[in-house]
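A look at the structure
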Amino acid sequence: MLHYYLIIVLAPLLAAVLAGLFGRQIGRVGAHTVTILGVGIAFVLSALVLYQLYWAGASPENLSVYTWAVTDGLRMEVGFLVDRLTALMMVVVTFVSLMVHVYTIGYMHDDPGYQRFFSFISLFTFAMLMLVMSNNFLQLFFGWEAVGLVSYLLIGFWFRKESAIFANLKAFLVNRVGDFGFILGISGVVLLTNSLDYAEVFGQAGTMAQQTIEVIPGTPWNAMTVVCILLFIGAMGKSAQAPLHVWLPDSMEGPTPISALIHAATMVTAGIFMVARMSPLYEYTETALAVVMTIGAITAFFMGLLGLVQNDIKRVVAYSTLSQLGYMTVALGASAYGAAIFHLMTHAFFKALLFLAAGSVIIAMHHEQDIRKMGGIRQYMPITYWTSLIGSLALIGFPGFSGFFSKDLLIEAVRESHWQGQGAVYWVAYLSVLLGVFVTALYSFRMFFLVFHGKERMDEETRSHLHETPWVVTLPLIMLAIPSVIIGWITVQPVLFGDFFGDAIVVTGKHDVLASMGAHWHGSLALVTHAVMTPVFWLAAAGVFTAWFLYLKRPDLPETIHGKFKGLYVLLDRKYYFDDLWIKGFAGGGRRLGQALWRFGDEIVIDGFIVNGTANSIGRLAAILRQLQSGYLYTYAFAMIIGLTMLLGWLIWLQ
Amino acid sequence: MTLATHLLSALIWLPIAGSLVLFLIGDDGDAASARAAAMRWTALAVTIVTFILSLGLVAGFDAGTAAMQFVERSPWIETVGVDYYLGVDGLSVPLIVLTTLITPLVVVAGWDSIKLRPTQYFSAFLMLEGLMIGVFSALDGILFYVFWEFMLVPMFLIIGVWGGARRIYATIKFFLYTFLGSVLMLVAFIYLYGLVGSFDLLEFAKAPLALGAQQVIFLAFLAAFAVKVPMWPVHTWLPDAHVEAPTGGSVILAAIMLKMGGYGFVRLSLPIVPDGSAYFSTMMIVLSLIAVVYIGLVALVQKDMKKLIAYSSIGHMGFVTLGFFLLWHISGESGAVLGISGAMVQMISHGLISGAMFLCVGVLYDRMHSRQIPDYGGVANTMPVFAAFMVLFAMANAGLPGTSGFVGEFMVIIASFKASFWIAFFAATTLVLGAAYTLWMVKRVIYGEVGNERVAALEDLRRREFFVLGIFALLVLALGVWPAPLVDMMNATIEQLVQQVALGKL
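The following refers to the structure shown. What you see is a predicted model; the values in this text were computed from it and never measured. (Residues numbered from 1 in each chain as written. Chains lettered and ligands numbered in written order. Predicted model: local features only at pLDDT ≥ 70, side-chain atom pairs only at ≥ 80, totals over all residues.)

1. Structural notes on unusual backbone geometry
Excluding glycine, a negative phi dihedral is what most residues carry, and trans is how most peptide bonds are arranged. With an omega of 0°, the peptide bond running from A:Ala242 to A:Pro243 counts as cis. Tracing the backbone shows A:Pro243 in the loop between α9 (223-238) and α10 (247-250). Here the residue pair B:Trp232 and B:Pro233 is connected by a cis peptide bond, since its omega of 5° sits within 30 degrees of zero. When you line up the elements, B:Pro233 lands in the loop between α9 (211-228) and α10 (237-244). The phi torsion at A:Asn194 lies on the positive side, around 55°, for a residue other than glycine. Counting through the fold element by element, A:Asn194 comes out in the loop between α6 (162-193) and α7 (198-203). A residue is classified by how many C-beta atoms lie within 10 Å of it, and A:Asn194, with 21 of them, is buried. (Helix = DSSP H or I, 4+ residues; strand = E, 2+ residues; numbered from the N terminus. Buried ≥ 20, exposed ≤ 12 C-beta atoms within 10 Å, placed from the backbone.)

2. Quick look at helix α4 (residues 114-133) of chain A
A rise of 1.5 Å per residue sets the reference length of α4(A), with its 20 residues, at 28 Å; its end C-alpha atoms lie 29 Å apart and thus fit the reference within 8%. Of all 20 residues in α4(A), 19 are buried; the element is thus mostly enclosed. (Expected span 1.5 Å × (residues − 1).)

3. Here we look at the pairing of strand β1 (residues 69-77) of chain B
A regular strand carries its side chains on alternate faces of the sheet. Residues and elements named next belong to chain B. Where β1 lies against strand β2 (residues 82-88), six bridges are found, and the strand directions are antiparallel. For Ser-74, the partnering residue across the bridge sits in β2 and is Tyr-84. The turn linking β1 back onto β2 is made up of four residues, and Gly-81 within it adopts a positive phi angle of 70°. (Pairing = 2+ DSSP bridges.)

4. Some details on the nonpolar core
Counting residues in each nonpolar core, the largest one holds 449 residues, and the members touching the most others are A:Leu129, A:Ala331, A:Ala340 and A:Ala352. Leave out the neighbours within four places in its chain, and A:Ala340 touches A:Ile272, A:Ala276, A:Met328, A:Ala331 and A:Leu332. (Core = buried A, V, L, I, M, F, W, Y, C linked by C-beta atoms within 7 Å. Contact = placed C-beta atoms within 7 Å.)

5. Some remarks on the pairing of strand β1 (residues 61-71) of chain A
All names here are of chain A. Sheet topology note: the β1/strand β2 (residues 74-82) ladder contains nine bridges and is antiparallel. Across the sheet, Thr-67 pairs through a bridge with Glu-77, a residue of β2. The hairpin turn running from β1 into β2, its antiparallel successor, is two residues long, and Asp-72 in that turn takes a positive phi close to 60°.

6. Concerning the environment of B:Val345
Residues and elements named next belong to chain B. Take Val-345: it is sitting in helix α14 (residues 336-368). Spatially, the C-alpha atoms of Val-345 and Asn-491 are 11 Å apart, while their sequence positions differ by 146 residues. Apart from the residues lying within four places of it in its own chain, the contact partners of Val-345 are Val-407, Gly-408, Met-411, Pro-483, Leu-486 and Val-487.

It is worth stressing that arrangement in space is one thing and function is another; only the former is reported here.
Here you go:
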């Protein structure tokens, strides 16, 4: 199968190179043809790989492609580990990428950087595939940083826009803070196992867990806990978990197709995937799992709240992404890795759909993104309207839609994770994901109602031009709406309860909440029919109702509420002041410190005092020594000989 | 006498001979004349032949042994036992090839942008090339010292004649700093000669030495090498020298001359005074980490692009010295080789990346005659091809995997975690700092609206510039995607070195 895998990763790479370097020669049509072909091939073959692994009973493969370098007994390789976890990710990534490629034809139609854009998104697909298909930490890190690079290039795609080039720098640097932890985690793995290969490292997990690392001298900590937390810091950067989430909302400065592909469906889920992939390590450390769970819970709930006060259509969806990533992280912390990956998959479809639908609205509105200037668009854009409704229902977990299965069972898994000891961590996590359901429904339908229903608040000029977007835009919407409805129905049984992942995900006995839930599993239909009896359903319903009441029934109320809770509103509007912490605190502090070190350390102390000071003293000394100058060579030679003899004598005396 | 047995001599003396020819013939002071053009082509031909000859070094090199290869030895000053003694191992071959590769590119880069005394300019670079190859292949202390000191002369001239406004201050500072350091190295050589009876560097490594003497010799070597690297706090000559140097001078300075310091540590300090190195290793690690963190912060606030890249060089060279001196702090059975390998890869990679970065600044300087970041903005609008190169090299400078900049840093960070969590912690800050200062510069220079009318009038890369930057780009990517050939070439030598050093002399 190695040939298949190579074609899967290299087809998008080749397409990216062609569109990037020869964009002018092959033209616009050439660029989108070649990249769609590349990603299309990757998708078809990925689907074939999944088919082979799941239906045809092929066994997982672990192959080395080439040796990157070997030194000191450490093998650094490039290779593929393709099991069902990988295959699932490959299909999701290539499918969403393919849809986004098609959509881009419409969205970027008038953009002068057309070829460049196609080149970048194909390059992204290559990098993401390298990440998920890796069989070792080195290549994982390569893919990890490469997707970060493309994200940087694409957020700053419109490089004349000051806000875009601010956002891409911010995204790259905040991710680098996460990668700082990540590379230390990888180094820790090498320290403990002297290997970068997943299979070898996982094989030694038992001994790793018995070693200690002294981060604070004299205080031995469990080595596995330290390593897993360090790796998770990487995941916090990439998957935008608080407090490293600040880059994701700003990343919306990039064109909408990449918001869907990179900042919703795929790249941001790399952290979730990574922790699931490392489940054989995380299973040994409940402390690290508790950290994962807490961070996820905070993100799930508090980032959702921020979605309530946003007025930019893309930013609402962005905060919703943050919150949903928090859900996945909580599931990881509960050892329900399968539930996290399942939610990752359904989320990839419906969130990509929501972003692309938002993009469709933005095109129709002539690049207006403020939802306060929209309203009543339903009648002008029926396809966008209905697909958005499907996406929103899937997001809030309406019974029967894909998000329902993944989110309902995710919350159930968190509730069942009694092994956490039902302490503060358990309750924080459980209540966050539960209350988050209400918040999700509220912000989702606030946006939905403000955009598609109610009074038409746009200006007359825009309104007269409103119409449905072309088929290259609506086709991907429909293609993504289909899985948003049905994917949950058909996959929940095998993925969560049917041992779909096999050995790819390891869960030790008492952590295995999904297994205990499986004992009460009576099929998709039963879950849907029993949904009305769960608090999740009523919380979601309450959210939708509140949104309807506030934004359609009594649109005057939100203003009054703002007025009453001014402090809270400011706190949300300032995003809990995290941006100030990073920008003013860290970035500003770093610059001030650098300035001080340069002006004081380099210029005053080293150059001023030591270097030039020495030069000046030598100058004064020279004035005295000038008296000794005779002009005769032998005097100098004699002096040098004396000097050397004294120096050598001193050295010999030392011996 | 065949080429195969005297390959190293050919590599050293061919460029030096070329340099003398150019110097003696000279030009008529008119850069556009046919005579000056003929001289340019001669210079290019000599550097290309030298490069091709150096490939013979790679082809004939046996990576399976740590022994010296291509050895040439004949008495030179018999009365004091000074030999003309050359030889190379896995540490020197990559650096020699780096030298022969960069020099022709520098010649091409200076092709028609040097108006003043162009032939002398190229002559100086040829001289420099021969002397630098001499340093990397000399195995006799005096020979080493002669190459080492003579190297200063052409560089002194390059900055002093073709440099910027404050070139005199910069050259004096550069010369005094490096010269004072080297004199102490000579004293150490003379002392060792007293023990061994020759200036054979390999014999020096075998000579028994008490700890006290080792400590003193280490400090003497340190004075020479720390200045060249340069290590904090003797680094302040470098930003000044870079700012005043012409583009070609900056490229050679950053790409190769700084490597002399690193090379000195592995060729001389570690094998000759292993216990002295052990004694001072903690200090060396601390100084290296200061270079990474302190210099990273200082680089952040620079407004002059050349100064920024110069500071970035100091930070990246911090990884080199860090990798060399981890050895004694790693308790497990592996990690020391990884650290030194990583440091060596970092030297080669930094040669390519910093060279390319200085060339990029040169491209802009040739057009705008400014190195100040605020004078630019939105260059990508008028120079899209150049912008693509600049972003690539910036990413490489920030250590992005897939580029050469990642390889050495990755290996050194892993090795330092084996020594201590906190060493790795401070070393890894480069991920954030390196990205911050490099990409912030890119943001202000390359991205944004067209900054002013002069930026609006910029023309994109010419063929010659595209060709030079393209070669750098290919090398940076190739080394990032497949560093194995380089690492394999050095493995045997480094393993043997680590064994010898770990054993010590006491």
